[in-house]
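# Examination of the molecular architecture
One letter stands for each residue in the lines below.
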Amino acid sequence: MDDARAEQKERIFNGISASPGIAFGEAFVMNVEDLAVSEEHIAPEQVDAETEKFLAALAQTEKELQKLVRSLEDEIGEEHGKILDSHRMILKDELFRSETIKMIKGKKVNAAYALSLVLDKVLTTFANIKDEYLKERAEDIRDVRRRVLRNLLGQRVEGITSLRKKAVVVARTLTPSDTAGLNKKYVLAFVTDAGGSTSHAAILARSQGIPAVVGLNDISKSVRPYDDLIVDGITGQVVVNPAPETVAMYREMQARYNELEKNLLTLRDYPGVTLDGHQIELSANIEIADEVEDVVSHGARGVGLFRTEYFFITRNTLPSEEEQYRYYSSVVKRVQPDPVIIRTLDVGGDKIARWVGDLREANPFMGWRGIRFTLARKDIFKTQLRAIYRAAAHGNVKIMFPMVSVLDEVRLAREICEEVKDDLKRQRYVIGERPEIGVMIETPSAVAIADLLAREVDFFSIGTNDLVQYALAVDRGNAKISYLYDTLHPSILRLLRDTVAAAHKNKIWVGICGEMPGNIYGALLLLGLGLDEFSAASYLIPTIKKIVRSVTYDETRSLVRKALAMGTAREVRELVDRFIHEKRPELREFHPEAAS
Amino acid sequence: MVSGSARVKNKNGIHLRLAGELVKAATRFKSQITVSKDGQEVDAKSILGVAGLGAECGAELLFSVDGEDEGQALEYLIDLIDNQFAQETG
C-alpha cells in the first residue's frame, strides 16, 4: 500500500472557480455508473439467489424513490416528484426485469453485470436519438441504474447518503435529487466535471460557504475514492495526491485566506461608509431563495437582485401564483426591513423552450428575452406580479424590469402592475401597497434615454455584464475576441457616468448589479462615479465593504475624473494601480496579483 | 390485429414522463401493443422502449394492437397522442 502511495504522482486539474475557499480532504467519488461493474460467473445453483438479489435491489430502490418523491414534492414542488415517478416506472419495466433475469440465468453472471448490460443496450438506442432534448433523457436511465447498483452492491459502492465522515465530494454532475440525501455537514468541498458558476453544486457550495470547482471535464473518472485532494476555489484548481511541498504551500494560503475572511467578517455589522462619511448600500445577488442565509451571514443589506428565472427553468411547468408567493415571501421575510429587489422573469428563448415551444433564435442575446418576453406573455407576467405584490405585504419589496430598451415597455409594464394591484385588492388580498418600481440599465439604448426613463421609475440598476457586451459588441464567451471584453473600457465608464447623472438629476437612486464591483478596480471607480448601491454575490460583500471603508469618497471622485480622461482600459488600470500604490497601499491585498 | 398512426404534437416530443403516460395507458389494455417509429419497433408497455424511440415533435408513431380489446386500445392511444396527452401544455 505504501509503495502504491509513493508512486501516485501529484496531478493538477484546472476548472472554473464556483465558490471561494481552500479545502483539503479525501475524495468521495459519487458516480457509480462510471465504476466498472465486473463480470462474475456464478454456479447454476446460485441463479435463484442472484435473481432474488436483483429483485430485492429493485424493491429497495422503489422504497427510496417513494420517499424521495414525497420529500421533493414538499421541498421544491410537485413537478420534480413527477420526474422521479417515471424513474419508478423504469424499475417496473418488464423489458428491464425479464431481460436481466434472462441474462442472469442464461449467462450465469452476477446481477450487477447483467443489469448493466441490459441498460447499456437501452442507452445505445438513446445515443442514436437525434433530438438533443430527448437524447438527454438517457441521464434519467443512468440515474436509475446508479440507484439500483448502489442497493445491489451494498457497502461496496459509495452513495451520497453513505457519506459519514468529512470528504470532498467528486461527481460528474450534481442535481437537486442527488444532493437531497446528502448530509451537508460532511462535505468539505464540491468538485464536478460539468457545470458553470450557476450550476446546482456551485450555488449549494456558496450557500454553505465551502469551496467548489466545476467544469473539470473528467475529474470524476481520474480521481479514485480516498485520493487526497486540495480544492482551491479561488483560482479554480484541484490538486490530486499533492506532494508534501504543495500541501505546505496551500496550508499557508488557506491560513492567509481564512485570516482575511475572518477580518472581513468582523465588518459584518458595519455599514458601507467611506472614511469621509459617504454611505453606499451593499446588497447581494441571489439565484435561489435558499441563498438568503448567505446574504445575512455576509452582512449584505438586503437583496439587490433576486433573479427569478432559476425557479422557472428548473421545472417542466410554470410555477403557480401560490408557489411563487411562498417562494418570494420566504426571502422577503428573512431580510426585512432590508429591501429585496425582485427582478421579473429574465429568460431568453433558449431557456424556456420547455413551456412556450421551440424558440431557437439565431441571435438570442438580441432576441425575445426579458421584458420583451413577459410583455408578450402577459399570463406569465401577471401571475408573477400577483405573487410579488402579495409577497410585498411581508416586507420591503422593489420590482425591477430587465432588458428595457424603449420607454413604451416601462409604461406598459407599469399599467399591468396597476391592473394586477386592482385585481388583488378587489379579491381582498393583502398586498404591499407601493413597492418601488425600477428598470435594469443594460442596453446602450437605455443609457441614451436614461433621462426619459428616470422620470417614470423609482430607481435604476445597471447590469454591467450585459451592458458591457452590448456596448462593446463582444461576446465574452468567444475566445478570439474575449480580450476586448473589459469593464474598464472608457466607453463603459462614460455610459456609467451618464446613467448616474440622469438618475441623480431626476432624484432617483441608481445601483449596479453585476460582477464589476467585485474587484478592486471596479469597486473604486464605481464608488467615485457616485453609484448609490452595489449588489454582488454574497461572498464578495465583505471584500467590497472593506475597500469602501478604506478610502475617502473625495479621492475616488478625483480618481474617476482622471480615469474619464484616459484613452484605453490599460491606462485606466495603470491609473488605479498608481492610486493604490501611492495613496492606499493597505489595499494591495485585494489586488489580483496579491493572490499569487 | 389493428393498426393506426398518430403524429406527435408535444413540443418536446415523447420525453421520459410522457413515455410513462403512454405506457400507463397501454398497460390498461389486455392486448399486445407495439409502437414503432421509422421502422424501430418496441413494446408500448415498456417505458424504456418507448422513451428509446426518441419521438420528437412531428414524428409519426405507428401502433399495432393485437388482442380482445384491440379496437378500443388503438383508439385510446391515438386520442392520447392527438390530444397531446391532455394535461401537457409544453
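As the structure is a computational prediction, the values presented were derived from the model and not from experiment.

Thresholds applied
- Residues numbered from 1 in each chain as written.
- Chains lettered and ligands numbered in written order.
- Predicted model: local features only at pLDDT ≥ 70, side-chain atom pairs only at ≥ 80, totals over all residues.
- Heavy atoms only, no water.
- Helix = DSSP H or I, 4+ residues; strand = E, 2+ residues; numbered from the N terminus.
- Buried < 20%, exposed > 50% of the residue type's maximum accessible area, 1.4 Å probe, protein only.
- Contact = heavy atoms within 4.5 Å.
- Areas by Shrake-Rupley, 256 points an atom, 1.4 Å probe, with all protein chains shown as cover.
- Expected span 1.5 Å × (residues − 1).
- Buried area = accessible area lost by both parts, 1.4 Å probe.
- Salt bridge = Lys/Arg side-chain N within 4 Å of Asp/Glu carboxyl O.
- Polar contact = N/O pair within 3.5 Å; in protein donor to acceptor, adjacent residues only side chain to side chain.
- Nonpolar A, V, L, I, M, F, W, Y, C, P; charged D, E, K, R; others polar.
- Pairing = 2+ DSSP bridges.
- Axes fitted to C-alpha atoms, helices over the stretch in contact; angles between N-to-C directions.
- Patch = residues over 30% accessible without salt bridge, like charges linked within 9 Å, V, L, I, M, F, W, Y side chains within 5 Å.
- Lys, Arg positive; Asp, Glu negative; His and termini not counted.
- Charge placed at Lys NZ, Arg CZ, Asp CG, Glu CD.
- pLDDT = per-residue confidence, 0-100.

## Considerations on the overall build of chain A
Along the backbone of chain A there are 26 helices and 16 strands. Counting only residues that meet the buried cut, chain A has 54% of its 596 residues in that class. In chain A, the share of contacts with a sequence separation of at least 24, taken over all contacts with a separation of at least 6, comes to 68%. Accessible area for chain A stands at about 26500 Å²; split by element, carbon and sulfur atoms hold 50% of it.

## Some thoughts on helix H17 (residues 378–391) of chain A
Residues and elements named next belong to chain A. If you check H17, its first and last C-alpha atoms are 19 Å apart, about what 14 residues at 1.5 Å a residue would give, namely 20 Å. Within H17, ten of the 14 residues are buried, which leaves it mostly tucked inside the rest of the structure. Turning to H17, its buried residues are Ile380, Phe381, Gln384, Leu385, Arg386, Ala387, Ile388, Tyr389, Arg390 and Ala391.

## Observations regarding the environment of Met1 of chain B
Residue and element names in this part refer to chain B. Looking at the element boundaries, Met1 is found in the segment before strand E1 (2–7). Expressed as a C-alpha distance, the spacing of Met1 and Ser31, which sit 30 residues apart in the sequence, is 9.4 Å. Apart from the residues lying within four places of it in its own chain, the contact partners of Met1 are Ser64, Val65, Asp66 and Glu70.

## Regarding unusual backbone geometry
All names here are of chain A. Note the cis peptide between Gln336 and Pro337, where omega equals 10 degrees. With respect to the element layout, Pro337 can be found in the loop between helix H14 (321–335) and strand E11 (339–343). Here the phi dihedral of Asn217 falls at roughly 65 degrees; this positive angle occurs in a residue that is not glycine. Secondary-structure assignment places Asn217 in the loop between strand E6 (212–214) and helix H10 (219–222). Not every positive phi belongs to a glycine, and Met403 is a case in point at roughly 65 degrees. For Met403, the location among the structural elements is in the loop between strand E12 (396–401) and helix H18 (407–426).

## Quick notes on the interface of chain B and chain A
Each side of the interface is counted separately: chain B has 21 residues, and chain A has 27 residues. Both faces considered, chain B and chain A share a buried interface measuring about 1800 Å² in area, 71% of it formed by carbon and sulfur atoms. At the boundary of chain B with chain A, the tally comes to zero salt bridges. On inspection of chain B and its partner chain A, the count reaches three residue pairs in polar contact (both at pLDDT 80 or more). Broken down by secondary-structure element, the contributors of at least two residues to the side of chain B that touches chain A are helix H1 (16–27) and helix H2 (47–52) of chain B. Considering every element that reaches the side of chain B that touches chain A, the biggest residue donor is H1 of chain B, with five residues. Considered class by class, the residues forming the side of chain B that touches chain A number eight nonpolar, nine polar and four charged.

## Thoughts on the sheet that holds strand E5 (residues 187–192) of chain A
The pairing of strands in a sheet comes from backbone hydrogen bonds and takes either a parallel or an antiparallel form. Residues and elements named next belong to chain A. With mixed pairing, the eight strands of this open sheet are ordered in space as E1-E8-E7-E3-E4-E5-E6-E2. Each having just a single partner strand, strand E1 (11–14) and strand E2 (16–19) make up the two edges of the open sheet. Between one strand and the next, the sheet's axes are offset by a mean angle of 30 degrees, whatever the strand orientation. Sheet strands touched by helix H11 (residues 244–265): strand E3 (22–29), strand E7 (228–232) and strand E8 (237–240). Its angle to E3, the strand with the most contacts, is close to 125 degrees.

## Topic: the sheet that holds strand E15 (residues 509–513) of chain A
All names here are of chain A. Reading around the circumference, E9-E10-E11-E12-E13-E14-E15-E16 is the order of the eight strands in this closed barrel, with parallel pairing throughout. Strand after strand, the sheet turns through a mean of 25 degrees between neighbouring axes, direction not considered. In this structure, E12 lies alongside strand E13 (residues 436–441), joined through four bridges in parallel fashion. In the sheet register, Phe401 faces E13, and the bridge partner there is Val439. Relative to E11, H14 is tilted by about 155 degrees, and along the sheet it contacts strand E9 (281–286), strand E10 (303–307), E11 and E12.

## Thoughts on the pattern of salt bridges
Residues and elements named next belong to chain A. This structure, assessed with the given rule, holds 33 salt bridges over all chains. Two residues, Glu281 and Arg301, come together in a salt bridge whose shortest N-O distance is 3.1 Å. Residue Glu281 is found in strand E9, and its partner Arg301 is found in the loop between helix H12 (292–297) and E10; the two are separated by 20 residues along the sequence. By relative accessible area, Glu281 is classed as partly exposed at 26%. Of the charged contacts in the structure, one is a salt bridge between Arg570 and Glu574, with a shortest N-O distance of 3.1 Å. Taken together, the residues Arg570 and Glu574, both in helix H26 (residues 569–583) and four residues apart, mark about one turn of the helix. When salt bridges with common partners are traced through the structure, they connect Glu309, Arg343, Asp346, Arg369 and Asp466 into a single cluster.

## A short note on helix H7 (residues 138–153) of chain A
Compared with the 22 Å implied by 1.5 Å per residue over 16 residues, the 22 Å span of H7 of chain A between its first and last C-alpha is a close match. Among the 16 residues in H7 of chain A, 13 count as buried, and that is most of the element.

## As for a positive patch on the surface
All names here are of chain A. Taken together, Arg557, Arg561, Lys562, Arg578 and Lys583 make up a surface patch of like positive charges. If one sorts the elements of the positive patch by residue count, helix H25 (residues 553–563) sits on top with three residues. Looking at the secondary structure, you find Arg561 in helix H25.

## A word on the confidence of the model for chain B
For chain B, per-residue confidence averages 90 on the pLDDT scale, and residues scoring 70 or more make up 96% of the total. Taken together, the chains of this predicted complex give a pTM of 0.64 and an interface ipTM of 0.86.

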